[in-house]
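# Residue-level structural notes
Residue strings, one per chain:
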Amino acid sequence: MLLGCAGLLAAGLGGCSDHNDVDPVPDLSAGATYTGTSLELYYDGEQMPGKTAEVKVADGEAEMTFYSTFDLSQLTGMGLTGELASPGITPGDSRLVLTAPAVAGDGVYEVAGSGATDYVTFDYTGSISKDKMTFSLTDVKLKNQALAGNVFAPAPIVGNIVSGYSSLPFHLVWELDPAVGVDIPLSEVLQLIATAPVIPVYDGTAYTSVAQAFCSLVKTVALKSDGDMPVMYVSTLGGAAHVATSCGNMLQYVPVESGMKLYLNPLQVVSEALLALSDNKDDAKFDFSTLLKRSSAADSGSAATGVDPALTRAMIGVLLKALAPQIEGGVPLTVAPTSAGADIYLDTATSVTFLATLLQGALQNPDIQAKLQEYLSGVNLPGVNPDQLAGLLQALPQYLMKTTKLEIGLSLVKAE
């Protein structure tokens, strides 16, 4: 009987041993690529979509390379094609390469460690299987904390084009070479364009301005110690207008000598913009391509602003075209402190490209062009002949060629 029990016990233990066998780790000696749903990436606790990881494991060591590109053809109806090189997973670097011991687990390799770039320090953990990689950056800190902790809101609109604006949400400065002989105050003209009620809303039954729309939609912009720049904005996702917050790593920054470099994730920026203006009646997160198709087929604008979805998509396309050359390496921005907060704006070279692209896109919309022309014709700008304003839109591209100073950006106040 004792021998029988021993035999049963041995058989039982053998069964348990078989049950606890672990799966073998995948062969990644030739390398593997993870992107889309196969890469689950987190930055200080928030998911970071749109990135790609290339992994190679050999001799117990994993080499991991992170980067991102954006397929512009996903943007239905915006006339954009090709691949747009985009920022990497840490602000300041388009590619991040990490090497760490690869510890074999149950069908996965486990990696962990700490790292640093010229701009940030961080810890990381991850698991890598044949079909999926999960990776988290934690305790991320900018090496330069000069701008961290600031929370800004758009400066309010105070004044009018005749008496002058003492406050606007935009920083707008435009100067020409004096030899051109143009005596039109172009800075004031930019203010006029920004405040002109030319954007059709509520199915064309009303009009709003770029400045009014910006103040209505954007509530705060924060600069965090990890380089994230979350934006609080008004969203109509779910039906009623409510305040929402963008994913923190949609916009990231690093301080530089002149101010900052801004890194934006095109996938997140476009999807957040479309979601903010969505009239969908539930708060579920959507597949990006599905969201674009639904937005393209929408019959009306959002409940918050009533902006025509086709116009929204067109303006997103214009902004991406204007900023595309600098998206991967960061958009350089000057940060000029003010008594109320700070003005954050593009330098002259970038502003000229930005304004040229913006005007070209805006003036291709016949509704906007007609309303803007009508508005300019009816404005009495001090010291300016009305006939000069009538032909101003057609002359603006020529003025850009003679520009000596152009600054376009945001005027922000410290949030209460």
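Everything below is about the structure printed above this text.
Because the structure is predicted, anything quoted here is derived from the model rather than measured. Starting from 1, residues in each chain are numbered consecutively following that chain's sequence as written. Per-residue local features of the predicted model are confined to residues with pLDDT of at least 70, and side-chain atom pairs are confined, for both listing and counting, to 80 or more; whole-chain, interface and lining totals are unaffected and use all residues. Derived side-chain values reflect all non-hydrogen atoms in the structure, with water molecules and hydrogen atoms excluded from consideration.

Moving on, we get to unusual backbone geometry. Its identity is not glycine, yet Asp44 carries a phi of approximately 50°, on the positive side. Locating Asp44 in the fold gives a position in the loop between strand E2 (39–43) and strand E3 (46–47). Accessibility here uses a 1.4 Å probe with only protein chains present; expressed as a share of the type maximum, an area under 20% marks a residue as buried, one over 50% as exposed, and anything in between as partly exposed. For Asp44, a relative accessible area of 30% puts it in the partly exposed group. In this structure, Asp139 is a non-glycine residue whose phi angle is positive, near 50°. Secondary structure elements follow DSSP: runs of H or I no shorter than four residues count as helices, runs of E no shorter than two count as strands, and numbering proceeds from the N terminus. With respect to the helices, strands and loops of the structure, Asp139 is situated in strand E11 (residues 133–142). Residue Asp139 is classed as partly exposed on the basis of its relative accessible area, which comes to 48%.

As judged from the two bridges shared by strand E12 (residues 151–154) and strand E18 (residues 218–222), these two strands associate in the antiparallel manner. If you follow Phe152 over to E18, its bridge partner there is Val221. Strands pair, by our definition, only if DSSP identifies at least two bridges between them. As paired elements, E12 and strand E25 (residues 403–414) share three bridges and run antiparallel to each other. Paired with Pro154 across the two strands is Leu412, which belongs to E25.

Let us now look at the sheet that holds strand E9 (residues 109–116). Taken in spatial order, the six strands make up an open sheet running E3-E2-E11-E10-E9-E8, and their pairing is mixed. Because the sheet does not close on itself, it has two edges, and the strands there are E3 and strand E8 (103–104). As paired elements, strand E10 (residues 120–128) and E11 share eight bridges and run antiparallel to each other. The residue bridging Ser127 from the neighbouring strand is Thr134, located in E11.

With that settled, consider helix H10 (residues 392–401). For H10, the complete set of buried residues consists of Leu392, Leu393, Ala395, Leu396, Tyr399 and Leu400. Buried positions in H10, seen along its axis, are confined to an arc of 150° and lie on one side of it. Across from the buried face of H10, at angles greater than 90 degrees, the exposed residues are Gln398 and Met401. Here the arc refers to the set of directions running from the helix axis out to each C-beta atom.

Turning our eyes to something else, we now look at the pattern of salt bridges. By convention in these notes, a salt bridge is any Lys or Arg side-chain nitrogen within 4 Å of a carboxyl oxygen on Asp or Glu. Applying the stated rule across the entire model yields two salt bridges. A salt bridge links Lys132 to Glu40; the nearest nitrogen and oxygen atoms lie 2.8 Å apart. In this pair, Lys132 sits in the loop between E10 and E11 while Glu40 sits in strand E2, placing the two residues 92 residues apart along the sequence. Across the salt bridge formed by Glu407 and Lys405, the nearest N and O atoms sit 3.9 Å from each other. Residue class for Glu407 comes out buried when judged on its relative accessible area of 13%.

Keep in mind these numbers describe shape, not what the thing actually does.
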